[in-house]
Amino acid sequence: MRRYVLRRVLQAVPILLGITMISFFIIHLAPGSPAALLVDPTADPASFEAMERALGLDRPLHVQYYRWVVRLLRGDFGRSFDDGRPVLERVVERIDITFLLMAAAFLVSFCIGIPLGIVCAVRQYSKADHVASAFAFVGLSLPNFWFALILMLLFTIALGWLPAQGIQTHGLGFDLWDRTRHLIMPVIVLGYGGALAGYFRYTRSSMLEVIRQDYIRTARSKGLAERVVIYRHALKNALLPLITLVGLALPGFFGGALVTEQVFAIPGIGRMAWTAIMRRDYPTVMAINTIAATLVVAGNFLADLAYGLVDPRIKYD
Amino acid sequence: MARTMTLAEAERDLSWRAIFWSRFRRHRLAIAGLVVLVLLYAAAIFAPHLTAHSPYAIDLGNRLEPPCATHPMGTDFFGRDILTRVLFGARISLSVGFVAVGIMITAGTLIGAIAGFYGGWIDNVLMRFTDIVISFPALFLILTVVAVIGPSIFNIIATIGLISWPPVARLVRAAFLSLKEQDFTEAARALGAPDPKIIFRHILPNAMAPIIVAATLSVAGAILTESALSYLGLGVQPPTPSWGNMLFEGRDYIRRAWWYTVYPGLLIFVTVMSFNLVGDALRDALDPRLDH
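Residues numbered from 1 in each chain as written. Chains lettered and ligands numbered in written order. Predicted model: local features only at pLDDT ≥ 70, side-chain atom pairs only at ≥ 80, totals over all residues.

**Q** How should I be thinking about the overall build of chain A in this particular structure?
**A** A tally of regular secondary structure across chain A gives 15 helices and zero strands. Across its three principal axes, chain A shows a C-alpha extent of roughly 85 × 60 × 35 Å. Expressed as a percentage of its 317 residues, the buried residues of chain A come to 38%. Across chain A, contacts joining residues at least 24 apart in sequence account for 71% of those joining residues at least 6 apart. (Helix = DSSP H or I, 4+ residues; strand = E, 2+ residues; numbered from the N terminus. Buried ≥ 20, exposed ≤ 12 C-beta atoms within 10 Å, placed from the backbone. Contact = placed C-beta atoms within 7 Å.)

Printed below as a string of structure tokens:
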């Protein structure tokens with residue numbers, strides 16, 4: 001077990017290095033220099049060069065990458081080209097709202113997808129099964145930005161129930177009810193998507209498979225109540241592999257958060273990522289990319305590990 | 001070299017098709033999806049003949065007109081007919097989906113086939129590379145690359161295709177790992193067939209079913225990605241209409257003109273849904289093991 005953990009952690013190092021290296025080179029191969037965006041266009045070439053030197057952009061690319069990694073190991077993501085503040089500080093300021101959004105959306109997709117999947121498996125081909133399958137299917141196919149606009153048309157413009165922009169009413173400080181109202185639509189948009197459909201389908205097909213196993217027939221023939229058979233015997237076994245799905249859903253949530261935050265003007269890291277990409281704020285783009293990739297790698301690793309913990313058949317060496 | 005089929009082969013061929021069709025047909029929604037897709041492609045191809053308007057003709061006297069007889073989907077901020085732009089937008093959105101998936105399937109199949117067939121260090125290197133690409137938050141990377149190299153249609157297609165192949169590579173590799181151990185592969189090798197021939201003529205055709213399913217479902221994903229890019233302002237650039245950039249333009253007028261955003265988005269939704277339905281039915285029809 002300890003060896004397995006160690007090996008996985010060691011494997012993650014080249015993956016993360018590869019990810020950061022590829023993104024670093026792609027970003028810096030862009031024609032034109034971000035220094036050009038920072039100096040007055042009418043200024044003389046000398047001040048442009050001074051700006052390039054100040055940003056470290058005059059060095060060869062591999063040297064720049066090496067310096068970036070060394071600084072990162074000290075926990076320093078550099079300073080934003082946009083406002084000159086440390087990138088880490090900017091990210092930390094905004095990451096909590098993104099995490100809140102993602103966690104709430106995850107709960108929504110989990111708490112709807114799994115029970116629906118169970119019901120559908122238990123009553124396969126019933127009306128409920130068809131309706132729930134259609135519901136999950138629609139979620140899988142909805143373009144999230146369009147779904148967001150439709151919700152806005154309905155709940156903001158037509159009905160006037162929910163605010164469409166930001167996370168709090170202007171001029172009002174933090175207020176739990178106000179915050180909740182602002183987050184309802186973004187959470188629905190992010191939660192009702194690929195992840196929900198994934199959990200639903202997975203639970204349904206996994207339950208259908210487990211229900212046919214011999215030990216379920218045994219449990220039934222012992223005269224156990226159907227409830228006990230389904231929820232105690234079948235469900236436990238059917239849901240185990242779902243743990244790995246939780247880790248795999250992370251990249252989707254990141255992409256979703258980027259779009260959702262943009263549509264609803266939520267000041268999280270998704271919106272920050274978009275702004276940074278548009279303004280060529282390299283250090284910020286690199287930081288968000290690295291953090292997101294690290295979370296994805298860590299999420300997959302933890303999912304595999306948790307799977308091994310709950311399923312004694314799986315042995316790590 | 002042409003050769004005639006034996007009766008047995010013809011029978012087997014027929015029954016295979018019959019089985020496939022009878023399984024596919026059970027999914028009535030997938031048939032509907034197929035019909036919708038055929039109609040959409042026809043509409044995209046014949047777009048200039050289906051409408052009296054030009055997708056670029058500006059008519060400032062008729063800005064933001066609600067749907068009416070002359071403009072069934074209304075007009076946009078420049079007075080352009082939205083139905084016309086949706087039809088011409090279908091050309092962009094549908095071809096982006098197809099070409100991107102073509103690139104993605106080609107790359108994924110090549111990498112997966114080579115990794116699975118040769119194994120050893122080649123497999124190791126290719127799969128670690130796959131691990132790296134799959135760990136990127138895809139939309140974020142695609143946005144970054146497109147922002148860097150410029151949002152032309154070609155760049156968007158290439159970027160989507162070159163970033164989304166890893167799941168296909170894993171799928172093809174898994175299929176190759178089991179197929180290369182089978183007798184027919186051994187027989188081909190014993191007969192002295194060169195590696196490329198074994199890979200492409202003998203093993204690959206047997207691994208096609210999951211690839212076809214993945215390709216169909218990926219077209220849906222690619223169309224969604226392209227429209228998300230366009231919506232974020234980094235997709236197909238105006239005035240060329242794409243469903244995504246029409247939404248991007250329309251959101252500023254959402255309070256005044258609902259039709260501006262509702263119709264283009266509806267088209268994306270219906271198209272993606274159709275591809276998903278067809279892909280799902282294909283999975284069921286091509287893979288008898290998943291018989292529920």
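**Q** Explain the interface of chain B and chain A here, please?
**A** When the parts of a complex come together, some accessible area is lost, and that lost area is often taken as the interface size. Across the boundary between the two partners, chain B contributes 34 residues, which contact 38 residues of chain A. Contributing elements (two or more residues each) for the side of chain B that touches chain A: helix 5 (120-135), helix 6 (138-149), helix 11 (208-231) and helix 13 (258-286) of chain B. By residue number, the principal contributor to the side of chain B that touches chain A is helix 6 of chain B, which donates nine residues. For the side of chain B that touches chain A, the residue count by class is 23 nonpolar, seven polar and four charged. (Nonpolar A, V, L, I, M, F, W, Y, C, P; charged D, E, K, R; others polar.)

**Q** Sorry, what's going on with the environment of I118 of chain A here?
**A** Residue and element names in this part refer to chain A. Tracing the chain through its elements places I118 in helix 5 (residues 87-122). With 21 C-beta atoms counted inside 10 Å, the residue I118 sits in the buried group. Taking the C-alpha atoms as reference, I118 lies 9.7 Å from R201; in sequence the two are 83 residues apart. Here I118 is in contact with T203, M207 and L235, once residues within four sequence places are set aside.

**Q** Any chance you could explain the nonpolar core here in plain terms?
**A** Where a protein is soluble and globular, its nonpolar side chains tend to be buried together. Ranked by size, the top nonpolar core spans 157 residues in total, and within it A148 and F253 of chain A together with I142 and L143 of chain B carry the most contacts. By residue number, the principal contributor to this core is helix 4 (residues 82-118) of chain B, which donates 18 residues. (Core = buried A, V, L, I, M, F, W, Y, C linked by C-beta atoms within 7 Å.)

**Q** Just checking my understanding: could you explain unusual backbone geometry for this structure?
**A** Outside of glycine, negative phi angles account for most residues, and trans bonds account for most peptide bonds. Between P238 of chain B and P239 of chain B the backbone carries a cis peptide bond, its omega angle lying at 10 degrees. Positionally, P239 of chain B belongs in the loop between helix 11 and helix 12 (243-250). Residues other than glycine seldom take positive phi values, yet Y125 of chain A does so here, at roughly 65 degrees. Of note in this structure, A265 of chain A is not a glycine but carries a positive phi near 50 degrees. Tracing the backbone through its elements, the reader meets A265 of chain A in the loop between helix 13 (250-264) and helix 14 (269-279). The exposure class of A265 of chain A is partly exposed, given the 13 C-beta atoms found within 10 Å.

**Q** Any chance you could explain the environment of A285 of chain B here in plain terms?
**A** All names here are of chain B. Position of A285 relative to the elements: it lies in helix 13. Through-space distance from the C-alpha of A285 to that of V213 is 10.0 Å; in sequence the pair is 72 residues apart. Residues in contact with A285, not counting those within four places in the same chain, are F20, R23 and F24.

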